[in-house]
Amino acid sequence: WRSRDAIGRRFRFYEKDKPGEWISVIGVSGDIVQQAFDAPADPVVFLPYRQDSYDSMALLIRSGDNSTALSAVRHVVRALDQDLPLFEVSTLREAVARQFWFLRVFGTVFLVFAGIALVIASVGIYAVMAHATGRRTQEIGVRMALGATSKSILRLVLRRGVVQLGAGLGLGLLAAFPSARAMAALPFLSSPSDPTLFVAVGALLAAVGLFACWLPARRAAALHPVTAIRNE
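Once a new chain begins, its residue numbering starts again from 1 and follows that chain's sequence as written. Restriction of local features to residues with pLDDT of at least 70 applies here, the model being predicted, together with a cutoff of 80 or more for giving and counting side-chain atom pairs; totals for whole chains, interfaces and linings are based on all residues. To obtain the side-chain values, all non-hydrogen atoms of the structure were included, while hydrogens and water were left out.

Visitor: Report on the overall build of the protein chain, specifying residues and quantitative values.
Guide: Within the protein chain, the regular secondary structure consists of seven helices and four strands. Order of helices (α) and strands (β) in the protein chain, N terminus to C terminus: β-β-β-β-α-α-α-α-α-α-α. Note on areas: these come from Shrake-Rupley sampling with a 1.4 Å probe, and a residue is covered only by the protein chains present in the view. Per element, the accessible surface of the protein chain, about 18,500 Å² overall, is 62% carbon and sulfur. Helix numbers and strand numbers start at the N terminus; a helix is a DSSP run of H or I with at least 4 residues, a strand a run of E with at least 2.

Visitor: Account for a positive patch on the surface, naming residues and giving values.
Guide: Together, K151, R155, R159 and R160 make up a positively charged patch on the protein surface. Along the chain, the position of K151 falls in helix α5 (residues 150-183). Patch definition: residues above 30% relative accessible area lacking any salt bridge, with like charges linked at up to 9 Å and the nonpolar side chains Val, Leu, Ile, Met, Phe, Trp and Tyr linked at up to 5 Å. One speaks of a salt bridge when a side-chain nitrogen belonging to Lys or Arg is within 4 Å of a carboxyl oxygen belonging to Asp or Glu. Only four residue types enter the tally: Lys and Arg on the positive side, Asp and Glu on the negative side, with His and both chain ends excluded. Lys charges are placed at NZ, Arg charges at CZ, Asp charges at CG and Glu charges at CD.

Visitor: Lay out the packing of helix α2 (residues 92-99) against helix α3 (residues 101-134) in plain terms, naming residues and giving numbers.
Guide: Taken N-terminus to C-terminus, the directions of α2 and α3 make an angle of 55 degrees; their axes are 4 Å apart at the nearest point. When the interaxial angle is binned, α2 and α3 end up oblique. For the pair formed by α2 and α3, the contact residues are A97, R98 and Q99 on the first element and W101, F102 and R104 on the second. In terms of residue class, the contact of α2 with α3 is made up of three nonpolar, one polar and two charged. Angles here are taken between N-to-C directions and fall from 0 to 180 degrees, while the axes themselves are lines fitted to C-alpha atoms, restricted in helices to the stretch in contact. Orientation is classified from the angle alone, with under 35 degrees giving roughly parallel, over 145 giving roughly antiparallel, 65 to 115 giving roughly perpendicular, and any other angle giving oblique. In this description, contact between two residues means that some pair of their heavy atoms is separated by no more than 4.5 Å. When residues are grouped by polarity, Ala, Val, Leu, Ile, Met, Phe, Trp, Tyr, Cys and Pro land in nonpolar, Asp, Glu, Lys and Arg in charged, and all others, Gly among them, in polar.

Visitor: Go over helix α1 (residues 66-80) with me, naming the residues and quoting the values.
Guide: In a helix, the anticipated span is given by 1.5 Å times the number of residues less one. If you check α1, its first and last C-alpha atoms are 21 Å apart, about what 15 residues at 1.5 Å a residue would give, namely 21 Å. Along α1, the residues classified as buried are A69, V73 and V77. Down the axis, α1 shows its buried residues gathered within 65 degrees of arc, on one side only. Looking at α1, the residues exposed on the side facing more than 90 degrees away from the buried face are S67, H75 and A79. Accessibility here uses a 1.4 Å probe with only protein chains present; expressed as a share of the type maximum, an area under 20% marks a residue as buried, one over 50% as exposed, and anything in between as partly exposed. What the arc describes is the spread of directions from the helix axis to the C-beta atoms.

Visitor: Provide a residue-level description of the nonpolar core, including the pertinent values.
Guide: Only buried residues count toward a nonpolar core, which is a set of Ala, Val, Leu, Ile, Met, Phe, Trp, Tyr and Cys residues joined through side-chain atoms within 4.5 Å. Formed by M129, I140, M144, I153, L154, V157, A212, C213, A217 and A221, the largest nonpolar core amounts to ten residues. Of all the secondary structure elements, the ones that give two or more residues to this core are α4 (137-145), α5 and α6 (195-221). Broken down by element, the residue count for this core peaks at four residues, all from α6.

Visitor: Any chance you could break down the packing of aromatic side chains for me, citing the residues and the numbers?
Guide: Here is the rule: rings of Phe, Tyr and Trp (six-membered ring for Trp) pair when centre to centre is within 6.5 Å. Planes less than 30 degrees apart are stacked, more than 60 are edge-to-face, and the remainder are tilted. Under the definition given, this model contains three aromatic pairs. With a centroid separation of 6.0 Å and an interplanar angle of 80 degrees, the aromatic rings of W101 and F102 are classed as edge-to-face. Taking the centre distance of 6.1 Å and the plane angle of 25 degrees together, the rings of Y126 and F211 count as stacked. In this pair, Y126 sits in helix α3 while F211 sits in helix α6, placing the two residues 85 residues apart along the sequence. A relative accessible area of 29% places Y126 in the partly exposed class.

Visitor: Outline the environment of T133, supporting the account with residue identities and numerical values.
Guide: The residue T133 is located in helix α3 in this model. Residues in contact with T133, not counting those within four places in the same chain, are V157, A212, C213, P216 and A217.

Visitor: Let's hear about a nonpolar patch on the surface: which residues, and what values?
Guide: Taken together, W101, V105, F106, V109, F110, V112, F113, I116 and I120 make up a surface patch of nonpolar side chains, about 910 Å² in accessible area. With respect to the helices, strands and loops of the structure, I120 is situated in helix α3. For I120, a relative accessible area of 57% puts it in the exposed group.

Listed below in structure tokens is the structure:
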């Protein structure tokens with residue numbers, strides 16, 4: 001009834017287009033999460049057990065000691081009816097974990113795959129940058145023979161490497177954002193534009209690329225100019 005008071009109003013359920021009995025609203029409860037994956041959540045109605053009974057019931061008990069609470073509940077149930085079974089006993093944390101088990105399993109699998117992909121990307125960036133820098137060994141030798149210092153050689157190589165890395169990371173981010181937005185339609189995902197994730201992965205790849213430029217440039221800058229010029 002939107003913003004109007006629901007107390008005293010009536011509603012009824014339909015089963016196969018057959019209307020049920022009218023039910024009067026006697027109270028309104030706070031919002032609860034009945035099914036964690038329903039978005040938006042379906043309306044929930046509490047009905048008296050004697051009015052709409054089931055073949056089983058669920059008891060939610062607050063207790064600091066689970067073992068003591070369980071024995072006390074068993075004693076009370078046995079006192080009411082010895083034929084009533086008490087089953088599927090668990091803590092609330094265990095019940096929630098059981099409902100979300102597939103998220104943990106698939107989350108772990110996807111995390112492993114993502115880690116492997118990140119390692120492959122890092123190795124690939126290192127190999128490409130190291131190879132590109134290594135091919136400039138003769139150029140580095142000529143520059144050193146003409147008076148270039150080791151620091152200037154490192155700055156030269158790193159500057160070019162930063163430009164290449166920046167272009168690659170920029171193109172990668174341009175492709176990553178639309179892909180993440182497309183995946184947002186899938187359930188159970190966190191924010192598709194999580195800045196922490198993008199910054200962390202980008203920083204890691206940038207660090208790997210810079211190291212791939214610095215290591216061969218440092219090795220070449222440490223060579224004698226004549227040896228560097230003769231390098232093939």
